[in-house]
Amino acid sequence: LHQRPDRWQPVVDAALACGCRRFDAALGGIGGCPFADDELVGNLPSEGLIPHLHDAGYNPSGLGGVDLSPLVESARRLAAIGQGS
């Protein structure tokens, strides 16, 4: 799913409600659809999707016990690099 960074959770929830059980994600949500202009500017963020699925009662790929802090820190650093900081 490609989605704007502020709108990915409702899209994932709708997909779950329709039976989708497989999602691709990228660190920091980097990427997107080059054909969609700015409407679908990013991918699902791994560091957000994993806890979101876990909180919804799913165990994404058996990752219920993942320490997300390194993933979150990597996404933060990646965003800083992208902003030239």
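Now for a description of the structure that goes with this document. (Residues numbered from 1 in each chain as written. Predicted model: local features only at pLDDT ≥ 70, side-chain atom pairs only at ≥ 80, totals over all residues. Heavy atoms only, no water.)

## What to know about the environment of Glu 73
Then comes step 1: If you trace the backbone, Glu 73 turns up in helix α3 (residues 69–82).
Then comes step 2: Put simply, Glu 73 and Glu 47 are 26 residues apart on the chain and 9.3 Å apart in space, counted from C-alpha to C-alpha.
Then comes step 3: Here Arg 76 takes part through its side chain, which lies 2.6 Å from a polar atom of the side chain of Glu 73. (Helix = DSSP H or I, 4+ residues; strand = E, 2+ residues; numbered from the N terminus. Polar contact = N/O pair within 3.5 Å; in protein donor to acceptor, adjacent residues only side chain to side chain.)

## Comments concerning the nonpolar core
Then comes step 1: The biggest cluster of nonpolar side chains holds 8 residues, and these are Trp 8, Val 12, Ala 15, Leu 16, Phe 23, Leu 44, Leu 49 and Leu 53.
Then comes step 2: Those elements giving two or more residues to this core turn out to be α1 (8–17) and α2 (46–55).
Then comes step 3: Here this core gets 4 residues from one element, more than from any other, and that element is α1.
Then comes step 4: Here Phe 23 is in contact with Leu 1, Val 12, Ala 15, Leu 16, Leu 44, Leu 49 and Leu 53, once residues within four sequence places are set aside. (Core = buried A, V, L, I, M, F, W, Y, C linked by side-chain atoms within 4.5 Å. Buried < 20%, exposed > 50% of the residue type's maximum accessible area, 1.4 Å probe, protein only. Contact = heavy atoms within 4.5 Å.)

## Focus on the packing of α2 against α3
Then comes step 1: The geometry of α2 relative to α3 is characterised by a closest axis approach of 9 Å and an angle of 145° between their N-to-C directions. Residues Ser 46, Glu 47 and Ile 50 of α2 form the contact with α3, whose participating residues are Leu 71, Val 72 and Ala 75.
Then comes step 2: For the contact of α2 with α3, the residue count by class is 4 nonpolar, 1 polar and 1 charged. (Axes fitted to C-alpha atoms, helices over the stretch in contact; angles between N-to-C directions. Nonpolar A, V, L, I, M, F, W, Y, C, P; charged D, E, K, R; others polar.)

## So, the pairing of strand β3 (residues 42–45)
Then comes step 1: Both strand β1 (residues 2–3) and β3 contribute to a ladder of 2 bridges, which runs antiparallel. Directly across from His 2, in β3, lies its bridge partner Asn 43.
Then comes step 2: Pairing geometry for strand β2 (residues 25–26) and β3, over 2 bridges, is parallel. Across the sheet, Ala 26 pairs through a bridge with Pro 45, a residue of β3. (Pairing = 2+ DSSP bridges.)

## Here's the deal with the packing of α1 against α2
Then comes step 1: Relative orientation of the contacting elements α1 and α2 amounts to 45°, with a least axis distance of 11 Å. On the basis of their axis angle, the class for α1 and α2 is oblique. When you trace α1 past α2, the crossing you get is right-handed. Between α1 and α2, the residues in contact are Trp 8, Gln 9, Val 12, Asp 13 and Leu 16 and Gly 48, Leu 49, His 52 and Leu 53, respectively.
Then comes step 2: Partitioning the contact of α1 with α2 into residue classes produces 5 nonpolar, 3 polar and 1 charged. (Parallel < 35°, antiparallel > 145°, perpendicular 65-115°, else oblique. Left-handed = near helix turned anticlockwise from the far one by under 90°.)

## So, the sheet that holds β2
Then comes step 1: The strand order across the open sheet formed by 3 strands is β1-β3-β2, and the pairing between neighbours is mixed. Edge positions in the sheet fall to β1 and β2, since each has one partner strand and no second.
Then comes step 2: On top of the sheet, α2 reaches β2 and β3; it is set at about 45° to β3, its chief contact.

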